[in-house]
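# Residue-level structure breakdown
The chain contents come next:
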Amino acid sequence: MSSERWERIKEILEQALRLEPEKRQAYLDSACRGDADLRYEVESLITSHEQAGSQFLGAAAPEVLQLTPPRALTSGTKIGRYEIVEQLGAGGMGEVYRAHDKHLDRNVAIKILSPAFSDNDRLHRFEQEARSASALNHPNIVTIYELGRDGTSHYIAMELVEGKTLRELLVSSLLPIRKAIEIAVQVAEGLAKAHEAGITHRDLKPENLMVAHEGLVKILDFGLAKVASPKGARSDLCTTSLTPSGLVLGTVGYMSPEQAGGRRPDFRSDQFSFGLVLYEIVTGKRAFRRSTAAETMVAILREQPEPMGSLNPEAPPPLCWVVERCLAKEPEKRYFSTGDLARDLAAIRDRLLDLQQRHPETRPSNLPIPGSVFIGRDKELAAAKGLLLRRDVRLVTVTGPGGIGKSRLALEVARDMVEHFPSGVYFVPLAGVSDPASIAIVIAQFYAVASFVIIALVAVYYVFERTPDAYQAPAGDAPAEAGGPDGPDAS
Amino acid sequence: MTRRDPSQVTQLLQRWRGGNREALDALLPLVYDELRRLAHRHLRNERTEHTLQSSALVHEAYFRLVGQDFPQWEGRTHFFAIAAQLMRQILVDYARRHRASKRGSGVCMLTLGDVEALPLRKDLDVVALNDALSTLAELDPRQSRVVELRFFAGLSLEETSEVMGIGTATVQRDWTAARAWLHREISRRSST
């Protein structure tokens, strides 16, 4: 069909659809003027338009993709002595649910193995691994309660950890160096315990580390990577997923050179992966991230990562040395025992705490001392803090009617931000500013005088309240708690 | 945490706008990577909300890759034009993998942390849509681009019109005809 003809069909179709159905025939008679093919084509399209209704392509593509796996168990389903409450997540090996143990009246997490892993050989190895992992009793390792079977479903019941994975934490905010070290110490202690018992993890990565709300870190999925690989395959390569375009989506980024090279990994392979995780939580960057899995593997085998200290000047040199040692290409140059690694890290943490106690932090700040105790409003506080810690947020504005405590909230948020922004946190009063154009100048003056980066928890609302005209200014359009690209630099 | 240097993407966008075809080749994997990463992040984190907003995804990718470096609308139009194509590729890949896993063809689905396959609602076969759309592109390339932008990137009528530099009336006409044409094409293919 020629494109002119197709354009003509589109026009006639559009006109016809605008008409009441009973008037269409007459319109088509005149528009197609004896061209039977043309008329047939348009009529056929009108029919499919009506069949399609508003549903077809009515929502954009991803909205029609439903994200609940089809086999998801509904709340109330019984598996063994557990009652499913809700789904927590899904991975290649199966789904994880929050469930309730009726006998012991406690909540647990249940991982139900997908049928793909339920062949006899895999199950046997799975049981072996899970049994040895369940013997591990350490606060930094998720406790396995039971391996069970209900009909054809095999499951593991384990300790329920209320918190976020380290990956989730890394995506949403920057970790202060003290918190990064605290997490590292706990992971190292959990690993040391497992290694002492002769168990290696093989798939250590931020997705497998849970940080509970109270700060306790738990390692998940000990030894399961080994089980996940099909029989006879080069076991550790199979825990990665390579897309057709070769993008790195899986664990290839946290492999050790032994794993990348197809050699047999031992506990020192976990030390390497741990070094990569530590490098990432301290610098915010993956040490060997490349655009394809193959390049990443080559980098792991041959290249040296950018020095940590140059990416985060706050990283204490001894910490950089620990990471360098973990990232040695040859296993024999890493730690002889993971216990030593944990002790090194604990010493770094204690030294840092000691320094801070002796020299309490004198970070630049002009924040006024609040005259009253701040009570409640935890949600707003958490939301504002969360936004400020995101890398892509430059400006957070708080708006609302006068007198509801916006300044007090801003001050409270700012006080909590001091530890995250080493260059300082400043309160810039804008109450006296009546011309929106001068906001930037006032902030810039602070910036120039102090030459610090300013977190402007700006009291822009004063401007709105006092001069209605200013509300027309672009800055005034920011919705409450919105982050925007055009604010003053706040990171 | 893996945010790219925004100026890299900005420069590539500028060079591409200036007619440099190689810049586009360099740009595609960067944008693909970011969209894909964001999609995965959404899949992992949004357990309670069972839908993923594609327009939100594309806008977030734009912000992360380009940020405030490139305030002009032109930069956004070029970016969205690419993002729409890539979203199509990503979603069709998901759908294909889902098909494959349903047939139990033994694909390597072993990542512990990733959601590998997305179930699709029965009433829309993304793979069939993709095939039909490729046929439509031979007949009318502009129309197939409208579908990419509206359906795969989730752009509004107005955004689509700006990205393509054509009037909203034309976009609307193309969109209406494309829906009818695609629906007919998919029904014909599935009945044979």
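Residues numbered from 1 in each chain as written. Chains lettered and ligands numbered in written order. Predicted model: local features only at pLDDT ≥ 70, side-chain atom pairs only at ≥ 80, totals over all residues. Heavy atoms only, no water.

## A look at the overall build of chain A
Each helix and strand in chain A was counted, giving 17 helices and nine strands. Within chain A, contacts between residues at least 6 apart in sequence are counted, and of these 64% link residues at least 24 apart. For chain A, the computed accessible surface area is about 23200 Å², with 53% contributed by carbon and sulfur atoms. (Helix = DSSP H or I, 4+ residues; strand = E, 2+ residues; numbered from the N terminus. Contact = heavy atoms within 4.5 Å. Areas by Shrake-Rupley, 256 points an atom, 1.4 Å probe, with all protein chains shown as cover.)

## Some words on the pattern of salt bridges
Residue and element names in this part refer to chain A. The final tally for this structure, using the stated rule, is 30 salt bridges over all chains. In this structure, the salt-bridge partner of D29 is R39, at a minimum N-O distance of 2.2 Å. Placement of D29 in helix α2 (residues 21-32) and of R39 in helix α3 (residues 36-52) is noted, with a sequence separation of 10 residues between them. Residue classification places D29 among the partly exposed positions, given a relative accessible area of 46%. The buried category is assigned to R39, whose relative accessible area is 19%. Note that R268 is salt-bridged to D266, the shortest N-O span being 2.8 Å. (Salt bridge = Lys/Arg side-chain N within 4 Å of Asp/Glu carboxyl O. Buried < 20%, exposed > 50% of the residue type's maximum accessible area, 1.4 Å probe, protein only.)

## A few points about the sheet that holds strand β7 (residues 163-165) of chain A
Residue and element names in this part refer to chain A. Pairing is antiparallel in the open sheet, where three strands are placed in the order β7-β8-β9. Two strands close off the open sheet at either side, each with one partner strand: β7 and β9 (217-219). With strand direction ignored, the average angle separating the axes of adjacent strands in the sheet is 25 degrees. Relative to β9, strand β8 (residues 209-212) runs antiparallel, the two being bridged by three bridges. Within the sheet, the bridge partner assigned to L209 lies in β9 and is I219. In the packing of helix α6 (residues 177-196) onto the sheet, the strands contacted are β8 and β9, and the crossing angle to β9 comes to about 35 degrees. (Pairing = 2+ DSSP bridges. Axes fitted to C-alpha atoms, helices over the stretch in contact; angles between N-to-C directions.)

## Quick look at the packing of helix α14 (residues 378-389) of chain A against helix α15 (residues 406-417) of chain A
Residue and element names in this part refer to chain A. At their nearest, the axes of α14 and α15 sit 10 Å apart, and the two run at 50 degrees to each other. With respect to each other, α14 and α15 are oriented oblique. Crossing angle aside, the handedness with which α14 passes α15 is right-handed. Along the contact surface, α14 presents E380, L381, A384, K385, L388 and L389, while α15 presents L409, E412, V413, D416 and M417. (Parallel < 35°, antiparallel > 145°, perpendicular 65-115°, else oblique. Left-handed = near helix turned anticlockwise from the far one by under 90°.)

## Re the packing of aromatic side chains
Residue and element names in this part refer to chain A. A complete count under the given rule lists three aromatic pairs over all chains for this structure. Ring geometry for Y82 against Y155: centres 6.0 Å apart, planes inclined by 80 degrees, an arrangement best described as edge-to-face. Remark: Y155 occurs in strand β6 (residues 153-159) and Y82 occurs in strand β2 (residues 82-91); sequence separation between them is 73 residues. Judged by relative accessible area, which is 1%, Y82 ranks as buried. (Phe/Tyr/Trp six-rings, centres within 6.5 Å; stacked < 30°, edge-to-face > 60°.)

## Some thoughts on helix α1 (residues 3-18) of chain A
For α1 of chain A, which comprises 16 residues, the first-to-last C-alpha distance of 23 Å matches the rise-based estimate of 22 Å (1.5 Å per residue) to within 8%. All of the buried residues along α1 of chain A are W6, I9, K10, I12, L13, E14, A16 and L17 of chain A. (Expected span 1.5 Å × (residues − 1).)

## Topic: the nonpolar core
With 63 residues, the main nonpolar core has L57 of chain A together with L136, V147, F152 and L182 of chain B as its most contacted residues. Sorting elements by how many residues they give to this core places helix α4 (residues 73-102) of chain B first, with 11 residues. Here V147 of chain B is in contact with L57 of chain A together with L133, F152, W175, A178 and L182 of chain B, once residues within four sequence places are set aside. By size, the runner-up hydrophobic cluster in this structure holds 58 residues, among which are L191, I199, V217 and C326 of chain A. (Core = buried A, V, L, I, M, F, W, Y, C linked by side-chain atoms within 4.5 Å.)

## Looking at the packing of α6 of chain A against helix α9 (residues 267-283) of chain A
Residues and elements named next belong to chain A. Packing of α6 against α9 leaves a shortest axis separation of 10 Å and a crossing angle of 170 degrees. It follows that α6 is roughly antiparallel to α9 by the angle criterion. Only F267, D270, F274, L278, I281 and V282 of α9 make contact with α6, whose side of the interface consists of I177, A180, I183, A184, V187, A188, L191 and H195. Considered class by class, the residues forming the contact of α6 with α9 number 12 nonpolar, one polar and one charged. (Nonpolar A, V, L, I, M, F, W, Y, C, P; charged D, E, K, R; others polar.)

## Focus: the confidence of the model for chain B
Residues and elements named next belong to chain B. Summarising the model, chain B shows a mean pLDDT of 68, and 57% of its residues fall at 70 or more. Highest mean pLDDT in chain B belongs to helix α6 (residues 141-152) (89); lowest belongs to helix α3 (residues 54-65) (65). Confidence drops under pLDDT 50 across residues 45-51; counting only partners more than four residues distant or on other chains, this segment forms 12 contacts. Counting contacts from residues 102-123, a segment whose pLDDT is below 50, to residues more than four positions away or on other chains yields 65 contacts. Two summary scores accompany this predicted model of the complex, namely pTM at 0.47 and ipTM at 0.70. (pLDDT = per-residue confidence, 0-100.)

## As for the environment of L129 of chain B
In this fold, L129 of chain B is placed in helix α5 (residues 126-139). In this structure L129 of chain B comes out as buried when scored by relative accessible area, which is 0%. The spatial distance from the C-alpha of L129 of chain B to the C-alpha of I186 of chain B is 6.7 Å, given a sequence separation of 57 residues. In this structure, L129 of chain B is in contact with L57 of chain A together with F151, F152, L182 and I186 of chain B, ignoring residues within four places of it in sequence.

## Notes on the environment of I112 of chain A
All names here are of chain A. Inspection of the secondary structure assignment puts I112 in strand β4 (residues 106-113). Given a relative accessible area of 9%, I112 falls into the buried group. Between the C-alpha atoms of I112 and V96, which are 16 residues apart in sequence, the distance is 6.4 Å.

## A short note on unusual backbone geometry
Residue and element names in this part refer to chain A. Backbone geometry at D105 places phi at a positive 45 degrees, although glycine is not the residue there. Turning to its location among the elements, D105 is positioned in the loop between β3 (94-101) and β4. The exposure class of D105 is exposed, given its relative accessible area of 58%. Positive phi values are uncommon outside glycine, yet R202 reaches one of about 75 degrees. As for its placement among the helices and strands, R202 is situated in the loop between α6 and β8. Residue R202 is classed as buried on the basis of its relative accessible area, which comes to 11%.

## As for the pairing of strand β5 (residues 144-150) of chain A
Pairing of β5 of chain A with β6 of chain A, which is carried by six bridges, proceeds in the antiparallel orientation. Following the sheet pairing, R149 of chain A is matched in β6 of chain A by H154 of chain A.

## Here's the deal with the side chain of K111 of chain A
Residue and element names in this part refer to chain A. As for its position among the elements, K111 is in strand β4. You can call K111 buried: its relative accessible area is 7%. A polar atom in the side chain of K111 sits 3.0 Å from the side chain of D221. (Polar contact = N/O pair within 3.5 Å; in protein donor to acceptor, adjacent residues only side chain to side chain.)

## As for helix α12 (residues 317-326) of chain A
All names here are of chain A. All of the buried residues along α12 are L319, C320, V322, V323 and C326. Buried residues of α12, viewed axially, fall in a sector of 155 degrees; they line one side. Residues of α12 that are exposed and angled more than 90 degrees away from the buried face: W321 and E324. (Arc of directions from axis to C-beta.)

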